[in-house]
Amino acid sequence: MSLQLTHAQKADLVRLDAALEADIHNRKSAYRHWGFRAVHTELRDAPVTVVGTLPPDLEGVYIRNGTNPQFTPMGVRWQMFDGPGMLHQVHIHGGKATYTNSYVRTRRYQIEKMLGREVYLTMGELLTGGKAAAEKMAWLSKQYQEGALPELRFSGTGNGTAIQFHRGRLYAFNEAGYPFALDVRREEGKLVIDGSGEHVTWGGKLTGPFSAHPAIDPDTGDMYSVATNRYDGSITIVQVSNNEVVRSLTYQQPLNHMAWIHECCITENYIVFPDISMRVDKQGLQKEGGSMYYWDPKYEMRFGILPRKFDQDTPIRWATTGKPGAIWHLVNAWEEKGPDGKTNIVMFAPRFSEYPDTVPIHTPEESHAHLSKWVLDPDAGKVLEDRVLIEWGYERCSFHVGYRGKKNRYCYLLDEQREGYMGKGTLKYDYREEREIRYVDYGQLYGGEPLFVPRKNAVAEDDGYLLDLLMGENLAEVLVLDAASMTEVCRLQLPQRVPFGVHAVWLNGEQIAAL
């Protein structure tokens, strides 16, 4: 496919760019921090320096996703969700490691690369662009209608949020669109992931967006997704089993619907997801510098509870917390008997009690989240308990996912409050005893998210490693901690810096063999 902008389109884009004042906005934005600066050099199997000794039972591939704009300077108002994804891969074998990085080569990435600039709407424009963003939206709609530009809809994301392995395939996710199935091949016995692939709908059975963090049942391997459709406000809920959508439900929200559902929890019998106080109103774009999102302090955050064996007619039961709130990431949930003998749902997550309309995630302008505990009655649709466990601002939580949907004890939390940008340390927390166990300080570097990797044949829940990609202005390294003692095992110094980013996956030997 070959695509070029006409003289008229170029002139229109120059006019739209001037109205959006992207350069002026970006120079004042919290995202002007050096940590958000993109890298454009793609390396292949570059040597990694190991400081300390790699444990012999830590063999596999660590892959961290993250958005990485392909053009410098950026011609658009930028927010951390904008730009194509980039996969930062650390391949570990035989006590040695190599580094590879590659763009996630979605259709949007390919089209904008051909055109030599950003063309489609960005989250930064929708959150701060106001009337100028609405004008660009109208111009794009006209281009689609006239066939002058491809309308990508759910295939128009950069898929730079998260990454996950499921049933022999590796997916890059963004909750506004379809999953992107990455191509994987082997050359001379080495695993090659170059970012190519395709958006998937499992034979057209996925009709809406897919979660950034689908919940995968550790026993059955089934994958559950809950996501909001930004076009019509509906919620799409699906169950994927053996690479096929086996259940699907579409729930239509009211007009000023929730802004996002980033993640859901599963228990033995239920799917649970938050309905947050951050709402959508596209009329906000009629204001100068306005946002399509707004915080509604009168909207009480609630949880949707749905049986895992649902169909299109199964009602969602809502349990209201009685206070405003927002959630990005959930930790875990499970079922247990209450004092009255009834089965309740126990759930943990960092909760925001307020949130800025501009969604300045991973910056000092973002509000602080506090680890909280809820007990829900799924039959009555009631919140029986709602407590803050930690007053400090922790977010982006990891735990042993082999315990997903089951009662577990430990979680690992990223310290977002100390500086505001990204994370400055990791806390191991025992929510059975409700106590802090140990904090690891990242020093001058910034972390994205602690990822728990269990040891092979581990018996204890915390028998394994914590991995986090730490980022500095001119360096990057993967920190390896012993998850039980929270002591440093080694560091893997990468051959180039890595921009700020968050979510990662670990591929063990069995998963690599299944790709």
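Residues numbered from 1 in each chain as written. Predicted model: local features only at pLDDT ≥ 70, side-chain atom pairs only at ≥ 80, totals over all residues. Heavy atoms only, no water.

*Asks:* I would appreciate a short explanation of the layout of surface pockets in the present structure.
*Replies:* Over the atoms a probe the size of a water molecule is rolled, and this reveals where empty space is left. Here the largest pocket defines a volume of roughly 1400 Å³. Looking at the largest pocket, it is lined by 46 residues, and the ones nearest its centre are Gln-164, Val-401, Pro-454, Trp-506 and Gln-511. Those elements that place two or more of their residues in the lining of the largest pocket are β6 (162–166), β26 (394–398), β30 (451–454), β34 (504–507) and α6 (509–514). Per element, the largest residue contribution to the lining of the largest pocket is 5 residues, and it comes from β6. Residue classes in the lining of the largest pocket are distributed as 22 nonpolar, 13 polar and 11 charged. (1 Å grid on protein atoms, 1.4 Å probe; cavity = no way out; pocket = protein on both sides within 12 Å on 5 of 7 lines; lining within 4 Å. Points joined across faces, edges and corners; volume = space filled by probe spheres on them. Helix = DSSP H or I, 4+ residues; strand = E, 2+ residues; numbered from the N terminus. Nonpolar A, V, L, I, M, F, W, Y, C, P; charged D, E, K, R; others polar.)

*Asks:* Looking at this model, I keep getting lost on the sheet that holds strand β17 (residues 270–275). Mind explaining?
*Replies:* The pairing of strands in a sheet comes from backbone hydrogen bonds and takes either a parallel or an antiparallel form. With antiparallel pairing, the 4 strands of this open sheet are ordered in space as β16-β17-β20-β21. Each of the sheet's edge strands pairs with one partner strand only, and the pair in question is β16 (265–266) and β21 (317–320). With 4 bridges connecting them, strand β20 (residues 302–307) and β21 associate as antiparallel partners. Residue pairing across strands places Phe-303 opposite Ala-319, the latter belonging to β21. (Pairing = 2+ DSSP bridges.)

*Asks:* Would you take a moment to explain the state of the cysteines for this structure?
*Replies:* Any covalent bond linking the sulfur atoms of two cysteines counts as a disulfide. Inspection of the entire model under this criterion finds 0 disulfides. With no disulfide of its own, Cys-411 has Cys-397 as its nearest cysteine by sulfur position, at a separation of 6.8 Å. (Disulfide = S-S within 2.5 Å.)

*Asks:* Explain the nonpolar core here, please?
*Replies:* Buried together is how nonpolar side chains tend to be arranged in soluble globular proteins. Counting residues in hydrophobic clusters, the biggest one holds 100 residues, and the most contacted among them are Ile-237 and Tyr-293. Top contributing element to this core by residue count: helix α5 (residues 130–145), with 5 residues. Not counting the four nearest positions on each side in its chain, Ile-237 is found in contact with Ser-225, Val-226, Arg-247, Ser-248, Leu-249, Ile-271, Phe-273, Leu-306, Phe-310 and Ile-316. Counting residues in hydrophobic clusters, the runner-up holds 16 residues, among them Val-331, Trp-334, Leu-389 and Phe-399. (Core = buried A, V, L, I, M, F, W, Y, C linked by side-chain atoms within 4.5 Å. Buried < 20%, exposed > 50% of the residue type's maximum accessible area, 1.4 Å probe, protein only. Contact = heavy atoms within 4.5 Å.)

*Asks:* What is the right way to read the pattern of salt bridges from this model?
*Replies:* If the charged atoms of two oppositely charged side chains come close together, the side chains can form a pair. A complete count under the given rule lists 37 salt bridges for this structure. A salt bridge links Glu-135 to Arg-15; the shortest N-O distance between them is 2.5 Å. In this pair, Glu-135 is assigned in helix α5 and Arg-15 in helix α1 (residues 7–20), connecting sequence segments 120 residues apart. Looking at Glu-135, the relative accessible area reads 37%, which means it is partly exposed. (Salt bridge = Lys/Arg side-chain N within 4 Å of Asp/Glu carboxyl O.)

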